[in-house]
Amino acid sequence: MMRSLYRRQLAMMVSIMLVSFTLLAGAFMLLSYRYIIGETRDSVERNAGYISSFTATYYRRYLTLNVQDEFYSSYVASIAMISNSHIIVADPEGKILYATDGGRFYNYEEGRLPEQVVSQVLQEGAFTGMTNLGGLYPEKRYLSALPVENQMGQLMVTQGMVLVAADASNLSGMWSSTATIFFFSAVVVFLISVIASTLTSAYQTRPLNEMAEAARKFGQGEFDTRVTGYEDRCDEVSALAEAFNSMANSLEKVESQRSEFIANVSHELKTPMTTIAGFAEGILDGTIPPERERESLEIVVSETRRLSRLVRRMLDLSRLNALTESTVTAQEAFDLTEVMSRVLISLETKITDRKLDVEVQMPEDKLMVWGDPDAITQVCYNLLDNAAKFAAPGTAIAVQITKKDGKAHTTIRNLGGTIPPEEIPLLFERFHKADYSRSMDREGVGLGLYIVKTILGNLKENITATSEDGVTQFHFTLTLA
């Protein structure tokens, strides 16, 4: 089952948001916890130090501690109220002497501090941590305890201890508020993301759906279908639309060429077959007199050869279409001048019949190049045959082979009709025949130059054509061996 692009994008965005919010919430909680704990610790330790110092001074002045003294109790209560904490003053054994939160006094009769807290204060000089003091508080509080010490001669005497406890419920409240903020923020961002994802997916998938529909129409034979309206997007979609339309133009052109080729081949096959059938029936039924039978048979032979040439060209085209760059015939070194000379000799009769001269400029020594000698023979034959076919009678065909920059440059030139500039790029297309040549070229079907282009392209070589003032020139290269 196909998964839509919208669902994939939505699932990806939701997953990213969930992971992001989870990591952000965890990091925020951790940092806030450390910050509040640090602030609470500093506050209770600082206040415990103030009260411990004040209590030690009180001991030195009065040699005893009177927790009922208004001066002492008001000082401790003020600190408790300002710091929003609970303060306990105990003797060295841990018996609670005084306890207040600044608003009221707590009477813990026979109340004692846990032994663990007392021993740690006496042995290590301080205690900090989360505790409920053995059930003294209904919940755990952050507590800091310090001893009350004075110098007695050479000895340091512990005369009591001070505990400052801060309520940790504000931390839970902060976490609850943070969770609420994160929840509502996540819901809002999620809704915005869903809407944005919907709009973005529609913006992205609409052209893809249109291209898919256009491709289906192409499959049904509607070759004039194009994807429009995305030229100004300047993104990958516009590039895809441009590539799709370019492909459509190419397919339409190929289809047009195919239709034209079928029409040409149908005409080329119909004419000789009709001629052959007509003359054969005329000879058989006696319509053609005996003295004209030889002439009629010569026409039949000529038309049969014409059919043979057409079939041979079609087979050449089929063979070339089966070739790819990975299956090019293995290259070998051969003498280009020898190949060109053999082709000129094979075309000698045709050149002579058209009263043409041949001007040849080739190296006297061997010119070794890389390639398929049979394929290059066909290239030379097609180009020379084409030059002889369209050269004006009584003119000359020029063949020139030179060496330059590791390449053998071959130029074949003839004098005849000028090919229009707009026809030059089309010369090497399949089935293309220039309009001006149709009356002159009854033998061709527009495959000769396409075969040349394909062979040289498979060999990674180039061929160009020019035509000015009646001089038409074809130039191709081969790599020197």
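Residues numbered from 1 in each chain as written. Predicted model: local features only at pLDDT ≥ 70, side-chain atom pairs only at ≥ 80, totals over all residues. Heavy atoms only, no water.

Chemist: Could you clarify how one ought to interpret helix α9 (residues 373-390) in this entry?
Modeler: Note that an α-helix has 3.6 residues per turn; residues three or four places apart therefore point the same way. With 18 residues, α9 should cover 26 Å at 1.5 Å per step; its first-to-last C-alpha distance of 26 Å lies within 8% of that length. When you tally the buried positions in α9, you get 15 out of 18 residues, the bulk of the element. (Helix = DSSP H or I, 4+ residues; strand = E, 2+ residues; numbered from the N terminus. Expected span 1.5 Å × (residues − 1). Buried < 20%, exposed > 50% of the residue type's maximum accessible area, 1.4 Å probe, protein only.)

Chemist: Explanation requested: the packing of helix α7 (residues 336-346) against α9 in the structure shown.
Modeler: Angle between the axes and distance between the axes: these two values describe a pair of packed helices. Where α7 meets α9, the axes come as close as 9 Å, and the angle between the chain directions of the two elements is 45 degrees. Judged by the inter-axis angle, α7 sits oblique to α9. The handedness of the crossing between α7 and α9 is right-handed. Only I376, T377, C380, Y381 and L384 of α9 make contact with α7, whose side of the interface consists of L336, V339, M340, R342, V343, L344 and S346. Classifying every residue of the contact of α7 with α9 gives nine nonpolar, two polar and one charged. (Axes fitted to C-alpha atoms, helices over the stretch in contact; angles between N-to-C directions. Parallel < 35°, antiparallel > 145°, perpendicular 65-115°, else oblique. Left-handed = near helix turned anticlockwise from the far one by under 90°. Contact = heavy atoms within 4.5 Å. Nonpolar A, V, L, I, M, F, W, Y, C, P; charged D, E, K, R; others polar.)

Chemist: Just to check I follow, could you spell out the sheet that holds strand β5 (residues 155-167) for this structure?
Modeler: Adjacent strands of a sheet pair through backbone hydrogen bonds, lying either parallel or antiparallel. The strand order across the open sheet formed by five strands is β2-β1-β5-β4-β3, and the pairing between neighbours is antiparallel. The open sheet has two edge strands, β2 (96-100) and β3 (127-131), and neither has a second partner. Taking each pair of neighbouring strands and ignoring which way they run, the sheet shows an average axis angle of 20 degrees. Seen against the sheet, helix α2 (residues 70-83) touches β1 (85-90) and β2 and runs at an angle of roughly 145 degrees to β1. In the packing of helix α3 (residues 115-124) onto the sheet, contacts are made with β3, β4 (141-152) and β5, and the angle to β5 comes to roughly 130 degrees. (Pairing = 2+ DSSP bridges.)

Chemist: Even after reading the chapter, I still don't get the pattern of salt bridges, so can you show me in this structure?
Modeler: Pairing of side chains with opposite charge becomes possible as their charged atoms draw close. Evaluation of the coordinates by the stated rule reveals eight salt bridges. The shortest N-O distance in the salt bridge between E139 and R141 comes to 2.7 Å. Overall, the relative accessible area of 30% leaves E139 in the partly exposed class. K350 serves as the salt-bridge partner of D385, at 2.6 Å between the closest nitrogen and oxygen. (Salt bridge = Lys/Arg side-chain N within 4 Å of Asp/Glu carboxyl O.)

Chemist: Any chance you could explain the confidence of the model for the protein here in plain terms?
Modeler: Atomic detail in the predicted coordinates should be set aside for any region of low pLDDT. Per-residue confidence for the protein gives a mean pLDDT of 82; residues scoring 70 or more make up 88%. Predicted confidence for residues 324-328 stays below pLDDT 50, and this span has four contacts to residues more than four positions away or in other chains. (pLDDT = per-residue confidence, 0-100.)

Chemist: How do you make sense of the sheet that holds strand β12 (residues 471-479) when you look at a structure like this?
Modeler: A sheet is described by the order of its strands in space; here five strands give the open sequence β7-β9-β10-β12-β11, paired in mixed fashion. In this open sheet, the two edge strands, each paired with only one partner strand, are β7 (357-361) and β11 (463-468). Adjacent strand axes in the sheet meet at a mean angle of 15 degrees when their direction is disregarded. The sheet contact formed by β11 and β12 spans six bridges and is antiparallel. Pairing of I463 across the sheet is with F476, part of β12. Relative to the sheet, helix α10 (residues 448-458) contacts β11 and β12, its axis offset from that of β12 by approximately 25 degrees.

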